[in-house]
Amino acid sequence: MDNEQNKTVENFFEAANELISMENVSLVYDKGAGAVPAIDNINVNIYPGEFVCVMGPSGCGKSTLLNILAGFIPPTGGTVKLNQTEIKGIDWHRGVVFQQPPLYEWYSVRKNIAFGPMMKKVPKSKIREEVSTYLEKVGLTEFADKKVYELSGGMKQRAAIASALINNPEILLMDEPFGALDALTREQMQGLIRKIWWSSGKTIFFITHDVDEALLLATRILVMSKHPGKIIADLPVHFTKDIVTENSDDTRYTESFHQKRKHILQLINEQ
Ligand SMILES: Nc1ncnc2c1ncn2[C@@H]1O[C@H](COP(=O)(O)OP(=O)(O)OP(=O)(O)O)[C@@H](O)[C@H]1O
């Protein structure tokens, strides 16, 4: 594996205990005659506060890995743990954001965001307060009473992010969340999720096909091999931290950015 992670001096994330540990994780769909091995022997730890982007050729098993982390499907081999406890099914510890937000179109934005805490029977006054906080965080305060079907794609995705965050998950799992958005909205959403990540310290696991998006968001990029997916590279990335600390995206025009971009594209395209 191309593992630059070991070479970095400044890897402050690994000072903490791992939040997620994946040990020899494999998944074969439909065991038996029509067996499809989707991912094979994945060994990765994710540390608190990391922004991990996952890239790889189409069909290499990225969504399968995310679905296992979410608890939607169990692995057919190996173990996945969150805070040392094996993940068995879905729970509030992981928040998931998909490309198509699973919102209730005929409910208001406010009601959609309140849904999780309502299910958890959080007191109404507390829900009201938290919904306001998260509406503000995602920039939807003035659209709180609009019905979801009245929103643009970007606004729906903002509502989906707030709906996931309000449950205070330990990790946010995002499956190509900005893949269906136009270029300008996509850039705005990248800025939003970077800001949320930086200010909240949340751990994020984010699938994307867009190498620039990965480079501009991640603190670490995992590259997967073609089907069945294995991790073939685990690369530290500093551009997102440059952007927040320098309050400028000049870092994307540097030689180092171009080099990393070229390296990742080669890893994906030369398989
Ligand atoms: N429910 C399923 N039953 C059988 N095979 C499946 C199922 N879901 C996915 N697969 C297969 O498993 C492999 C991995 O699929 P997966 O969707 O995880 O890949 P991906 O990397 O997320 O793809 P993409 O980049 O195109 O979204 C593919 O060969 C896919 O056809």
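Residues numbered from 1 in each chain as written. Predicted model: local features only at pLDDT ≥ 70, side-chain atom pairs only at ≥ 80, totals over all residues. Heavy atoms only, no water.

S.K.: Just to check I follow, could you spell out the packing of aromatic side chains for this structure?
M.R.: Where two aromatic rings form a pair, the distance of their centres and the angle of their planes describe that pair. According to the stated counting rule, one finds nine aromatic pairs in the structure shown. Pairing Trp106 with Tyr149 gives two aromatic rings, centres 4.6 Å apart and planes at 45°, and the pair type is tilted. With a gap of 43 residues between them, Trp106 in the loop between strand S7 (94-97) and helix H2 (109-119) and Tyr149 in the loop between helix H3 (124-137) and helix H4 (153-165) connect regions that are remote in the sequence. Under the relative-accessibility criterion, Trp106 is labelled exposed at 63%. Pairing Phe178 with Phe206 gives two aromatic rings, centres 5.7 Å apart and planes at 65°, and the pair type is edge-to-face. With a gap of 28 residues between them, Phe178 in the loop between strand S8 (171-175) and helix H5 (183-200) and Phe206 in strand S9 (residues 203-207) connect regions that are remote in the sequence. Of the two residues examined, Phe178 and Phe206, each falls in the buried class. Feature note: the residues Phe51, Phe178, Trp197, Trp198 and Phe206 constitute an aromatic cluster, connected by ring pairs. Positioned above the aromatic ring of Trp92 is the side chain of Lys120, whose terminal nitrogen or guanidinium carbon lies 5.0 Å from the ring centre. For the cation-ring pair, Lys137 lies above Tyr134, with the distance from its terminal atom to the ring centre recorded as 5.6 Å. (Phe/Tyr/Trp six-rings, centres within 6.5 Å; stacked < 30°, edge-to-face > 60°. Helix = DSSP H or I, 4+ residues; strand = E, 2+ residues; numbered from the N terminus. Buried < 20%, exposed > 50% of the residue type's maximum accessible area, 1.4 Å probe, protein only. Lys NZ or Arg CZ within 6 Å of the ring centre and 35° of its normal.)

S.K.: What should I look at first to understand the environment of Ser152 in this one?
M.R.: Following the sequence through the fold, Ser152 ends up in the loop between H3 and H4. Note on Ser152: relative accessible area 37%, which makes it partly exposed.

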